[in-house]
Amino acid sequence: MSTQPVVAAVDGSDDSLRALERALDAAHRREAPLRVAHVRQYALWGRPDAAPAGLPTTEDDPVLALVRDRLEGRTGLPAVDFAALDGAPGVVLPELGSTAQLLLLGSRGRGGFTSLLLGSNSLAAARDAECPVIVVPRPGRDTGTPAGGAGTPAGGTRSGTGIVVGVNVDAPDEATLAFAFREAALHGAGLHVLAAHPWPPQTWMLPGEMPAPQIDRSAVEHETRILADGFLAPHRARHPEVTAEIRVLPGDAAGHLVAASQDAGLVVVGRHRRRLLAPARMMGSVTQAVLLHAASPVAVVPPAPPEETAPEQGRGSSARRS
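Just so you know, these numbers come straight off a predicted model, no measurement behind them.

The rules we used
Residues numbered from 1 in each chain as written. Predicted model: local features only at pLDDT ≥ 70, side-chain atom pairs only at ≥ 80, totals over all residues. Heavy atoms only, no water. Helix = DSSP H or I, 4+ residues; strand = E, 2+ residues; numbered from the N terminus. Buried < 20%, exposed > 50% of the residue type's maximum accessible area, 1.4 Å probe, protein only. Phe/Tyr/Trp six-rings, centres within 6.5 Å; stacked < 30°, edge-to-face > 60°. Lys NZ or Arg CZ within 6 Å of the ring centre and 35° of its normal. Core = buried A, V, L, I, M, F, W, Y, C linked by side-chain atoms within 4.5 Å. Axes fitted to C-alpha atoms, helices over the stretch in contact; angles between N-to-C directions. Left-handed = near helix turned anticlockwise from the far one by under 90°. Contact = heavy atoms within 4.5 Å. Nonpolar A, V, L, I, M, F, W, Y, C, P; charged D, E, K, R; others polar. Salt bridge = Lys/Arg side-chain N within 4 Å of Asp/Glu carboxyl O. Pairing = 2+ DSSP bridges. Arc of directions from axis to C-beta. Polar contact = N/O pair within 3.5 Å; in protein donor to acceptor, adjacent residues only side chain to side chain.

Draft legend 1. Inspection of the overall build of the protein at higher detail. When its secondary structure is counted, the protein shows 8 helices and 10 strands. Sorting the 322 residues of the protein into buried and exposed places 47% on the buried side.

In structure tokens:
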């Protein structure tokens, strides 16, 4: 049993209660305790950049009372504890990830406009938390692509339980691949690895230069597949029970991942690694697009600390980012 909890962030909204149900399942599969946390927004005169001293009582919190009632009488629950925290959710929620193995929350809470696809607190948690974050969207989100499109394996459609992960063969993200393989193993699900390559290639010529030779698309696809196979090899060795299928696709990685989400149980993406000239935590454009538009839950995986990344593993991102 893991001592680090799975954390479900709740605010009483339907979105957060859907995330709670997934968190219960995640804690059960990991044999981990579950922590249900409600972050109570500061009063207008509060300081959003300062954390309060001590933990407020959970007994008089109506949101946590709602959760207790929801869980009342259920059997087979993991060990559950409750936390009521005061502060700015966009600050406090990411902090919960410092002592958690997984943080789950809905794509939107009670605040904001009804047309928003992703709330600011969910975005902050996915961008800043130290642990992987799973954002659960509202059901029925339209990706703008037909079911069984880019994400469907040849010869069939998905049952909505497969795990989808993107791999950027120019800079593979080992932490993201490791998380995706572990999720597939925990769920007994297939892993669908999408490796996108830019097409058509863009070339820039100076005046007087000769155009570059025509690029063979099949050769690019073959090379991309060979590289992706090599990056998956150590993860396949650690999880021989997981069937990982590689699909090499031309064009925009974000579009392919969003299309695949319509038939997936989870889409796994990586977060940008910090850069020398941009030390703040950032998310790449592919990750943001998937969070905004995916029909399935999305897991955002932070990069492993440098000392945990072997030299031969490369540096990276989970999908080709623009």
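After that view, the rundown keeps rolling.
Draft legend 2. Fine view of the packing of aromatic side chains. This model, assessed by the stated rule, comprises 0 aromatic pairs. Just above the ring of Phe82 sits the side chain of Arg68; from NZ or CZ to the centre is 4.3 Å.

Draft legend 3. Spotlight on unusual backbone geometry. In this model, Glu31 sits at a positive phi of 55°, which is unusual for a non-glycine residue. The class of Glu31 is exposed, set by a relative accessible area of 55%.

Draft legend 4. Highlighting the nonpolar core. Among the nonpolar cores identified, the biggest contains 48 residues, and Val6, Leu20, Leu34, Leu191, Val193 and Val268 are the most heavily contacted of them. The greatest single-element share of this core, amounting to 7 residues, is contributed by helix 1 (residues 14-30). Counting 37 residues, the second-largest nonpolar core is a separate cluster that includes Ala9, Ala83, Ala129 and Leu194.

Draft legend 5. Spatial organisation of the environment of Phe231. Counting through the fold element by element, Phe231 comes out in helix 6 (residues 217-238). Overall, the relative accessible area of 19% leaves Phe231 in the buried class. Distance in space between the C-alpha atoms of Phe231 and Val169 is 8.0 Å, their sequence separation being 62 residues.

Draft legend 6. Representation of the packing of helix 3 (residues 89-96) against helix 4 (residues 120-128). Where helix 3 contacts helix 4, the two axes come as close as 8 Å, and the packing angle between them is 40°. In the packing of helix 3 onto helix 4, the handedness of the crossing is right-handed. On the side of helix 3, the interface is formed by Pro89, Gly90, Leu93 and Pro94, while helix 4 contributes Asn121, Ala124, Ala125 and Asp128. Looking at the contact of helix 3 with helix 4 residue by residue, the classes come out as 5 nonpolar, 2 polar and 1 charged.

Draft legend 7. View of the pattern of salt bridges. The tally for this structure, following the rule as stated, stands at 11 salt bridges. Arg29 is the partner of Asp25 in a salt bridge, and the nearest nitrogen-oxygen pair spans 2.7 Å. Taken together, the residues Asp25 and Arg29, both in helix 1 and 4 residues apart, mark about one turn of the helix. Taking relative accessible area as the criterion, Asp25 reaches 29% and is therefore assigned partly exposed. Between Arg127 and Asp128 there is a salt bridge whose closest N-O contact spans 2.9 Å. When salt bridges with common partners are traced through the structure, they connect Asp15, Arg18 and Arg138 into a single cluster.

Draft legend 8. Up close: the sheet that holds strand 10 (residues 298-301). Ordered by their spatial adjacency, 10 strands build an open sheet running 3-2-1-4-5-10-9-6-7-8, and the pairing between neighbours is mixed. Two strands lie at the open edges of the sheet, namely strand 3 (80-86) and strand 8 (244-250), each paired on one side alone. Neighbour-to-neighbour, the strand axes of this sheet turn through a mean angle of 25°, independent of strand direction. Taken together, the 4 bridges between strand 4 (residues 102-106) and strand 5 (residues 133-136) define a ladder with parallel strand orientation. Across the sheet, the residue bridging to Leu105 is Val135, located in strand 5. Each of strand 1 (6-9), strand 2 (34-40), strand 4, strand 5 and strand 9 (266-270) touches helix 1; the most contacted strand, strand 4, lies at about 155° to it. Sheet strands touched by helix 4: strand 4, strand 5 and strand 10. Its angle to strand 4, the strand with the most contacts, is close to 165°.

Draft legend 9. Local environment of the side chain of Ser16. When you line up the elements, Ser16 lands in helix 1. Judged by relative accessible area, Ser16 falls into the buried class, the value being 3%.

Draft legend 10. Representation of helix 2 (residues 62-71). Residues Val63, Leu64, Val67 and Leu71 constitute the buried set of helix 2. Buried residues of helix 2, seen end-on, are gathered within an arc of 95° and therefore sit on one face of the element. In helix 2, those exposed residues whose orientation departs by more than 90 degrees from the buried face are Pro62 and Asp69. Contact partners of the buried residues in helix 2: helix 1, strand 2 and strand 3. For helix 2, the N-terminal capping position is held by Asp61, with its side-chain oxygen 2.9 Å away from the main-chain nitrogen of Val63. One or two steps after helix 2, the chain reaches Gly73, where phi turns positive at roughly 85°.

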